[in-house]
Amino acid sequence: MSAYPWGAALTNLWVSAVVVLVLFAGALVVALKVRGNRHDGIDVVWGAGFGIVAITSLILSVGDGDLWRQLLITALTCVWGFRLAWHIERRNRGKDEDPRYVEIMAKAQGDPVLHIVRAVYVPQAVIMWVVSLPVQLGQYGYADGALAITVTVLGVLSWAVGFFFETVGDAQLAAFKADPANKGQVMDQGLWRYTRHPNYFGDAAVWWGLTLLALHHPAGLIGLVSAALMTWLLAKGTGAKLLESTIGNRRPGYVEYVKRTSGFIPLPPKKTVS
């Protein structure tokens, strides 16, 4: 293991911060000037932005790390991020604004643009930069041997499990919603039988995988904060908890579904008494 190129890595961090700011500023301009003050496009930027950060880091890190690891981290991040962006864009196409953003704008006091910037754009930009730390730092440094091989194998496996849960879970839910007979019903089939949020669990597993890939050097330990933050957001923050805050009022039988189904980690359903 050679010395970690901290100078180059720190340069990457501030350049990526600028890239993230430009992305979210551009998303705001599009929302205001092109999409008629509709802000759910930021969810598309969320996925694609990680891919852009990974590509930026790849360009900046060439010559300061193992090329195969740089390409692997970038490829896995881009496949996950651009797939998520495409899925959300397709899901939102032809629909009204996301109710979450309608509610946020309704609570605006004073300038509504400043309110949405403070409540959504700035926090998401900061979170993206923090969560992407393993993708940035993992592309620097040279390492081989048992540790490098172990974290690489475990990282790819975790990413693959997460990508499977996210993509299959999204496809199963889309097929369920496309059937008019299921309108207003609870999706409790396929992966959704074992976890109420297979897509969120998949997201978390993907990021733990990318974090493992950055552990070829102790500098990658910084990425543990990123994976922990992403997992908390998905399980307890703006992900599952926020989604479930109102769904029980809209889906008959959802309370029973909650009682028998794991909220995050896939587990066999519990037996409930009628």
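Since this is a predicted model, take the numbers as computed values, not measurements. (Residues numbered from 1 in each chain as written. Predicted model: local features only at pLDDT ≥ 70, side-chain atom pairs only at ≥ 80, totals over all residues. Heavy atoms only, no water.)

Student: What's the story with the overall build of the protein in this structure? I'm lost.
Tutor: Helix and strand content of the protein: eleven helices and zero strands. Reading the helices (α) and strands (β) of the protein from amino to carboxyl end gives α-α-α-α-α-α-α-α-α-α-α. The C-alpha radius of gyration computed for the protein amounts to 20 Å, which stays within 12% of the reference 19 Å derived for 274 residues, consistent with globular compactness. Its C-alpha atoms give the protein principal-axis dimensions of about 60 × 50 × 25 Å. (Helix = DSSP H or I, 4+ residues; strand = E, 2+ residues; numbered from the N terminus. Rg over C-alpha atoms; globule rule 2.2 N^0.38 Å.)

Student: Honestly, the packing of helix H5 (residues 112-131) against helix H9 (residues 223-235) in this entry has me stumped. Any pointers?
Tutor: When two helices pack together, their arrangement is given by the angle between their axes and by how far apart the axes lie. For the pair H5 and H9, interaxial distance at closest approach is 8 Å and the crossing angle is 135°. The angle between H5 and H9 falls in the class oblique. Two secondary-structure elements touch here, H5 through Ile127, Val130 and Val131 and H9 through Ser226, Leu229, Met230 and Leu233. For the contact of H5 with H9, the per-class residue count stands at six nonpolar, one polar and no charged. (Axes fitted to C-alpha atoms, helices over the stretch in contact; angles between N-to-C directions. Parallel < 35°, antiparallel > 145°, perpendicular 65-115°, else oblique. Contact = heavy atoms within 4.5 Å. Nonpolar A, V, L, I, M, F, W, Y, C, P; charged D, E, K, R; others polar.)

Student: So what exactly am I meant to see when it comes to the UniProt feature "transmembrane region" (unreviewed entry) in the protein here?
Tutor: Mapped onto this numbering, the UniProt entry annotates "transmembrane region" (unreviewed entry) at residues 12-32, 44-62, 68-86, 146-165 and 205-235. Its end C-alpha atoms 30 Å apart, residues 12-32 is made of 100% helix and 0% strand. Secondary structure content for residues 44-62 is 95% helix and 0% strand, and the end C-alpha separation is 28 Å. (UniProt positions renumbered as here; feature names shortened; annotations may be inferred.)

Student: For this particular structure, what's the right way to read the nonpolar core?
Tutor: Most often, soluble globular proteins keep nonpolar side chains buried together rather than apart. Judged by nonpolar contacts, the single largest core of 40 residues is most densely connected at Trp80, Tyr121, Trp207 and Leu210. Of all the secondary-structure elements, those providing two or more residues to this core are helix H1 (6-33), helix H2 (42-61), helix H3 (67-92), helix H4 (99-106), H5, helix H7 (146-178), helix H8 (198-213) and H9. Taken together, domain 1 (1-142) and domain 2 (143-273) each give at least three residues to this core, which thus spans both. If we skip the residues at most four places from it in the chain, tryptophan 80 touches Phe50, Trp159, Phe163, Glu166, Asp203, Val206, Trp207 and Met230. (Core = buried A, V, L, I, M, F, W, Y, C linked by side-chain atoms within 4.5 Å. Buried < 20%, exposed > 50% of the residue type's maximum accessible area, 1.4 Å probe, protein only. Domains from an automatic or database assignment.)

Student: Please explain the domain arrangement of the protein as it appears in this structure.
Tutor: For interface size, the figure often reported is the accessible area lost on association. For the protein, the assigned domains read domain 1 (1-142) and domain 2 (143-273). Look at where the C-alpha atoms of domain 1 and domain 2 centre, and you get two points 20 Å apart. Counting from both sides, the interface comprises 31 residues of domain 1 and, opposite them, 27 residues of domain 2. Summed over both partners, the interface of domain 1 with domain 2 buries about 2,600 Å², with 75% contributed by carbon and sulfur atoms. Inspection of the region where domain 1 meets domain 2 yields two salt bridges. Linking domain 1 with domain 2 are nine residue pairs in polar contact (both at pLDDT 80 or more). Taken together, the elements giving at least two residues each to the side of domain 1 that touches domain 2 come down to H2, H3, H5 and helix H6 (133-137). (Buried area = accessible area lost by both parts, 1.4 Å probe. Salt bridge = Lys/Arg side-chain N within 4 Å of Asp/Glu carboxyl O. Polar contact = N/O pair within 3.5 Å; in protein donor to acceptor, adjacent residues only side chain to side chain.)

Student: Mind showing me how you'd approach the environment of threonine 261 here?
Tutor: Structurally, threonine 261 is set in the segment after helix H11 (254-260). Separated by 67 residues in the primary sequence, threonine 261 and tyrosine 194 have C-alpha atoms spaced 6.0 Å apart. With residues near it in sequence (within four places) discarded, threonine 261 still touches Trp192, Arg193, Tyr194, Thr195 and Arg196. Within the local environment of threonine 261, its side chain forms a polar contact with the backbone oxygen of tyrosine 257, the two atoms lying 2.9 Å apart.

Student: I would appreciate a short explanation of the environment of valine 161 in the present structure.
Tutor: Its location among the elements puts valine 161 in helix H7. Along the sequence, valine 161 and valine 113 sit 48 residues apart, while their C-alpha atoms lie 39 Å from each other.

Student: What exactly am I supposed to notice about H9 here?
Tutor: A turn of α-helix holds 3.6 residues, and therefore any two residues three or four places apart point the same way. Taking 1.5 Å per residue as the helical rise, H9 with its 13 residues ought to reach 18 Å, and the 18 Å between its terminal C-alpha atoms agrees with that figure. Every buried residue belonging to H9 is among Gly223, Ser226, Ala227, Met230, Thr231, Leu233 and Leu234, and all of these are buried. Here the buried residues of H9 occupy an arc of 165° about the axis, which is enough to place them on one side. (Expected span 1.5 Å × (residues − 1). Arc of directions from axis to C-beta.)

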